[in-house]
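Okay, here's what each chain looks like letter by letter:
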Amino acid sequence: EQLYEHAVTVARNKGNLIPFRNLDTLSIASVAIGTGPNSVFQQTLGNYAPTAKFTIKDRFAPDTAFTKLISKLQDYDVVVISIHGMNSTPFRDFGIGLGTRAFIQYLQERTDKKVVVTVFGNAYSLKYFDKSEWLVAGYEDNPVSQSLVPQVLFGARAAKGKLPVTASATLKAGTGIATPSLGRLKYGTPESVGM
C-alpha cells in the first residue's frame, strides 16, 4: 500500500484543481472505461462526495457507446475518466481504444468540463493524453491503487510520485506535481495506523 501510495503521480494539475476542495458546490461524474460497474475506484470516489457513475466495459467500444454518455454528463463540473484493463505493450496502443481517446478529446475541447484523466496502466500510455490539463497515473490496475487514486483526488492522501519514464515531449521522466493532504479520512489497512 505504501509503495502504491508513493507512486501515484499527478502529471498535470491546472489551477490546482486536485485535490478537490469545495465539495458542496462541485458536481462530479465518473466514467470508468474497461471495467464493470461497482469498481473499487468508483466506490471510493463515492465515499467522499456524491458521484454519478457511468461505465463502458469494452475498451474498444464503438463511438456510439461514448456519444450516448455526452448528454448524461451535461450537469457535472468535473468528469473523472478512469482507464482500466490496459495492457503493458504498445501493441494495440496499450489497450486504449480510439473511441476512448476521441471521447476524452471531445470533452476536453468542446465542453466546459474539467476532465480529470486517470490511467491505471503503463506510464508510456500518457502520451495519448498529452493535452490533458488534469492527468493522474495510478500505474497498476488493482484494488489497492484503485482505492488510493481517489484518496489523492480528494486530498485524503498527498501525491508524491514522479513519472519513471518519458511519455512525450512535455511528460518527461521526473514530472510530478506534489499535492497536499487536506486531512480528509483515509482508507487503509489497520497495520498502517499501528493496529
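This write-up is about the structure you can find in this document.

### Comments concerning the packing of helix 2 (residues 40-48) against helix 5 (residues 143-153)
Part 1 of the argument: For the pair helix 2 and helix 5, interaxial distance at closest approach is 8 Å and the crossing angle is 30°. Of the possible angle classes, the one that applies to helix 2 and helix 5 is roughly parallel. Every pair of crossing elements has a handedness; the one defined by helix 2 and helix 5 is right-handed. Across from V40, F41, T44, L45 and Y48 in helix 2, the residues of helix 5 making contact are P143, Q146, S147, V149, P150, Q151 and L153.
Part 2 of the argument: The residue inventory of the contact of helix 2 with helix 5, partitioned by class, reads 8 nonpolar, 4 polar and no charged.

### Examining unusual backbone geometry
Part 1 of the argument: The omega torsion across I18 and P19 is 0°, close enough to zero to call that bond cis.
Part 2 of the argument: Tracing the chain through its elements places P19 in the loop between strand 1 (9-13) and strand 2 (28-33).
Part 3 of the argument: Look at N38: it is not a glycine, yet its phi comes out positive at around 65°.
Part 4 of the argument: Considering the arrangement of structural elements, one finds N38 in the loop between strand 2 and helix 2.
Part 5 of the argument: What makes N38 exposed here is its relative accessible area of 58%.

What counts and what doesn't
Residues numbered from 1 in each chain as written. Predicted model: local features only at pLDDT ≥ 70, side-chain atom pairs only at ≥ 80, totals over all residues. Heavy atoms only, no water. Axes fitted to C-alpha atoms, helices over the stretch in contact; angles between N-to-C directions. Helix = DSSP H or I, 4+ residues; strand = E, 2+ residues; numbered from the N terminus. Parallel < 35°, antiparallel > 145°, perpendicular 65-115°, else oblique. Left-handed = near helix turned anticlockwise from the far one by under 90°. Contact = heavy atoms within 4.5 Å. Nonpolar A, V, L, I, M, F, W, Y, C, P; charged D, E, K, R; others polar. Buried < 20%, exposed > 50% of the residue type's maximum accessible area, 1.4 Å probe, protein only.

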